[in-house]
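# Reading the structure
Residues per chain are reported as follows:
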Amino acid sequence: MKFYINLIVLVICLCQCDNNKQTTQASSPTAVKKAPAKPAEPVANTLTENEIDDGWRLLFDGKTTKGWRNFNKKTIGSSWKVINGELTLEVEKKPDGKTHATDGGDIITTMKYQSFVLDLEWKISDCGNSGIMYNVHEGNKYDYVWQTGPEMQILDNKCHPDAEFVTHRAGDLYDMIACSEETVKPANQWNKARIVNRNGKVEHWLNDVKVVSFEMFTPEWKKMIANSKFKDMKGFGTYEEGYISLQDHSDRVAFRNIKIIEL
């Protein structure tokens, strides 16, 4: 009888030990399932395999200014620098408190484009101004990119004086068409811009919202030009292809993830 009692006690002890072991394992940090890892952030200034297969090309490699030069020149100003993977216009303050680039100037792509989708990100300094032009042409009769190329405005809408004008705000077709809604982010934050140009049928996208659309080379287009500050510029908005330009407006501005696909 004593043997059976001892056997029962042993079985109970073994069960209790096993239960304690399971409880310990369940409460142990090593037994808790790990949270799924966050997806990796996209690498700046690179293309995905799908983008490469679709035909996208980088216009900025994140390391050099290769592929860009000053308007009407073969070189690029030293104020255009690559800083932390960003194509940046560096400026300094003048005695009057305003800023300027000591060796900047508007820059253009080394190739011309006619029908394309252009994607990029831009970041403007406090109260800053810049722009993206397209269908830009060079020549002795043109001193500035904006004499030929329409502009998608870059602006700090909060405090730059141009924000007082309805068609001079970020994303606008400068001095011609205002954005359908304001989607721009504050100064010193990245904004995603897209320009679609299908043989003169143009769209401006800002932070994934289509904010402007129009068609060039139509009677309506000519009327818009006639009612704008470009009315006396005979070459403005007349070219079906041209360079893409990033503007030096004397304010610090940075660009990244600049890529294009021809349509």
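Described below are features of the structure shown in this document. In this text the structure is predicted, and so the values were computed from the model without any measurement. Along each chain, the written sequence defines residue order, and numbers are assigned to residues from 1. Where totals are concerned, whole chains, interfaces and linings use all residues; where local detail is concerned, this predicted model gives features only for residues with pLDDT of at least 70, and gives and counts side-chain atom pairs only at 80 or more. Side-chain descriptors were evaluated using all non-hydrogen atoms of the structure, hydrogens and water having been removed beforehand.

## Describing the nonpolar core
Take the buried Ala, Val, Leu, Ile, Met, Phe, Trp, Tyr and Cys residues and link them wherever side-chain atoms come within 4.5 Å; each set so joined is a nonpolar core. Classification of residues uses two cut-offs on accessible area relative to the type maximum, computed with a 1.4 Å probe and protein chains only: under 20% is buried, over 50% is exposed, and between them is partly exposed. Of all hydrophobic cores here, the largest spans 45 residues; its most connected members are Leu118, Trp122, Ile132, Leu246, Phe255 and Ile258. Non-local contacts of Trp122, meaning those with residues more than four positions away in its chain, are made with Ile132, Ile154, Leu155, Ala170, Val184, Gln189, Trp190, Asn191, Ala193, Leu206, Ala254 and Phe255. Of all hydrophobic cores here, the second largest spans seven residues; its members include Phe71, Val136, Val145 and Tyr243. Should any heavy atoms of two residues lie within 4.5 Å, those residues are counted as being in contact.

## Quick look at the state of the cysteines
Disulfides are defined in this document as cysteine sulfur pairs within 2.5 Å. For the structure shown, the criterion picks out one disulfide. The partner cysteine of Cys127 in its disulfide is Cys159, sulfur to sulfur 2.0 Å. Classification of the bridge connecting Cys127 and Cys159 rests on its S-S torsion, roughly -110°, and on that basis the disulfide is left-handed. Placement of Cys127 in the loop between strand E8 (116–124) and strand E9 (129–136) and of Cys159 in the loop between strand E10 (151–155) and strand E11 (191–198) is noted, with a sequence separation of 32 residues between them. The numbering of helices and of strands both runs from the N terminus, where a helix is a DSSP run of H or I of at least 4 residues and a strand a run of E of at least 2.

## Focus: the sheet that holds strand E2 (residues 68–70)
Two strands pair if DSSP finds at least two bridges between them. If you walk across this open sheet you meet the five strands as E2-E7-E14-E9-E10, and the pairing is antiparallel. Pairing within the sheet leaves two strands with one partner each, and these edge strands are E2 and E10. The mean angle between the axes of side-by-side strands here comes to 25°, regardless of whether they run parallel or antiparallel. Looking at chain direction, E9 and strand E14 (residues 243–246) are connected through three bridges and run antiparallel. For Met133, the partnering residue across the bridge sits in E14 and is Ser245. Comment: axis = line fitted to C-alpha atoms, over the contacting stretch for helices; angle = value between 0 and 180 degrees taken between N-to-C directions.

## Some thoughts on the layout of surface pockets
A cavity, in this analysis, means grid points on a 1 Å lattice covering only the protein atoms where a 1.4 Å probe fits yet has no way out; a pocket is instead an open set bounded by protein on both sides within 12 Å along at least five of seven lines, and a residue lines either one if it has an atom within 4 Å of a point. Grid points are joined across faces, edges and corners, and a volume is the space filled by probe spheres set on the points. By volume, the largest pocket amounts to about 420 Å³. Along the wall of the largest pocket there are 19 residues; nearest its centre are Asp119, Glu121, Lys192, Asn257 and Lys259. Contributing elements (two or more residues each) for the lining of the largest pocket: E8, E11, strand E12 (201–206) and strand E15 (253–262). Polar here means any residue outside two lists: the nonpolar Ala, Val, Leu, Ile, Met, Phe, Trp, Tyr, Cys and Pro, and the charged Asp, Glu, Lys and Arg; Gly therefore counts as polar. Considering only residue class, the lining of the largest pocket consists of seven nonpolar, five polar and seven charged. Estimates place the volume of the second largest pocket at around 170 Å³.

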